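# Report on the structure
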Amino acid sequence: CGRYTSTTAPAVLADHFGVEEIKAELLDPSWNVAPTQDVYAVAERRGVRQLGTFRWGLVPSWAKNPSVGAKMINARAEGLATKPAYRAALARRRCIIPADGFYEWQVVKGGPKPVKQPYAIRHRDGRPLALAGLWEVWRDPTRSDGDGLVRTCAIITTAANELLVPLHDRMPVVLPPESWSTWLDRDLQDPAALSPLLVAAPSDQFEVWPVATLVNHAQANGPELWEPR
């Protein structure tokens, strides 16, 4: 998952995800959320479910600088419990990243050169997607104040379902409502209890349509990116 849409207001997200505290900064609606940008995420702190703002691209606490986050926007579900960059977050820092939908690309051949055709994907009923995520806090070693803390996140991916596999072999893990509390429970640290959640959501839950290649440019934004081509 390299791009997604986030246009739903924080208050609506809070109601949908059962959030008790909104701690997030107000972000502009985006039809083309790109890596390293600030995004909304739902997490629990001391048993309280909160909506916060995180930077997309996970930076492990031990990283020398935050630039590694640009390469860690996605975390493969397979092996999370053993990879140093993710195992601590899997145990204690799981989150839900709300999205209206996301984009995937299909390589179309036949012309002078292959074309990457983007497709939009969302729930059939239009409700926000609950993307499984991990979060971390990185501390700037050159700063001694609270402003030196950077909260980051990554979207967990798994093997694509039958609907999406023609576009890409991976897709975000989309959590059903009945698993949200389990996923966010910080007292639950057993990877074996979490792994059954990290599977592809059923194909019949989604709808897919082609959109203009304008979305291929990270600087492009606006509702026209989401319109069927």
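The structure contained in this document is the topic of the report that follows. For clarity, every value in this text was computed on a predicted model and none was experimentally measured. (Residues numbered from 1 in each chain as written. Predicted model: local features only at pLDDT ≥ 70, side-chain atom pairs only at ≥ 80, totals over all residues. Heavy atoms only, no water.)

Let's shift gears to the nonpolar core. Burial of nonpolar side chains together is a common tendency in soluble globular proteins. Within the largest apolar cluster, 31 residues are counted, with the highest numbers of intra-cluster contacts made by Ile96, Leu134, Ile156, Leu175 and Trp183. When residues no more than four places from it in sequence are discounted, the contact partners of Ile156 are Ala75, Ala77, Leu80, Ala132, Gly133, Leu134, Met171, Pro172, Val173, Trp183 and Leu198. (Core = buried A, V, L, I, M, F, W, Y, C linked by side-chain atoms within 4.5 Å. Buried < 20%, exposed > 50% of the residue type's maximum accessible area, 1.4 Å probe, protein only. Contact = heavy atoms within 4.5 Å.)

Size it by volume and the largest pocket reaches roughly 550 Å³. In terms of lining residues, the largest pocket is bounded by 20 residues, among which Lys23, Gly52, Thr53, Phe54 and Arg151 are the most central. A per-element tally of the lining of the largest pocket places strand β5 (residues 48-56) first, with six residues. The residue makeup of the lining of the largest pocket, split by class, is nine nonpolar, three polar and eight charged. (1 Å grid on protein atoms, 1.4 Å probe; cavity = no way out; pocket = protein on both sides within 12 Å on 5 of 7 lines; lining within 4 Å. Points joined across faces, edges and corners; volume = space filled by probe spheres on them. Helix = DSSP H or I, 4+ residues; strand = E, 2+ residues; numbered from the N terminus. Nonpolar A, V, L, I, M, F, W, Y, C, P; charged D, E, K, R; others polar.)

So, about the pairing of strand β11 (residues 149-159). Counting buried residues in β11 gives eight out of 11 residues, a clear majority hidden from the surface. Bridging between β5 and β11 involves two bridges; their strand directions are parallel. Looking at β11, one finds that Arg55 is bridged to Thr152. Here strand β6 (residues 74-76) pairs with β11 via three bridges, running parallel. Bridge pairing links Asn74 to Ile155 in β11. In this structure, strand β10 (residues 129-139) lies alongside β11, joined through seven bridges in antiparallel fashion. Following the sheet pairing, Glu136 is matched in β11 by Thr152. The pairing of β11 with strand β12 (residues 170-172) spans three bridges and is classified as antiparallel. Note on β12: the bridge partner recorded for Thr158 is Met171. (Pairing = 2+ DSSP bridges.)

The next point concerns the sheet that holds strand β13 (residues 206-210). Read across the sheet, five strands follow the order β3-β1-β8-β9-β13 without closing on themselves; strand pairing throughout is antiparallel. One side of each edge strand has no neighbouring strand; the edge strands of this open sheet are β3 (30-33) and β13. Looking at each pair of strands side by side, their axes are set apart by 30° on average, direction ignored. Sheet topology places strand β1 (residues 4-6) next to β3; two bridges connect them, and they run antiparallel. From the neighbouring strand, Ser6 faces β3, where its bridge partner is Ser30. (Axes fitted to C-alpha atoms, helices over the stretch in contact; angles between N-to-C directions.)

The next point concerns the pattern of salt bridges. Applying the stated criterion across every chain yields a total of six salt bridges. Between Lys23 and Glu21 there is a salt bridge, and its shortest N-O distance comes to 3.9 Å. The exposure class assigned to Lys23 is exposed, which follows from its relative accessible area of 56%. The partner of Asp125 in a salt bridge is Arg127, with the nearest N and O atoms 2.6 Å apart. Since its relative accessible area comes to 53%, Asp125 is described here as exposed. (Salt bridge = Lys/Arg side-chain N within 4 Å of Asp/Glu carboxyl O.)

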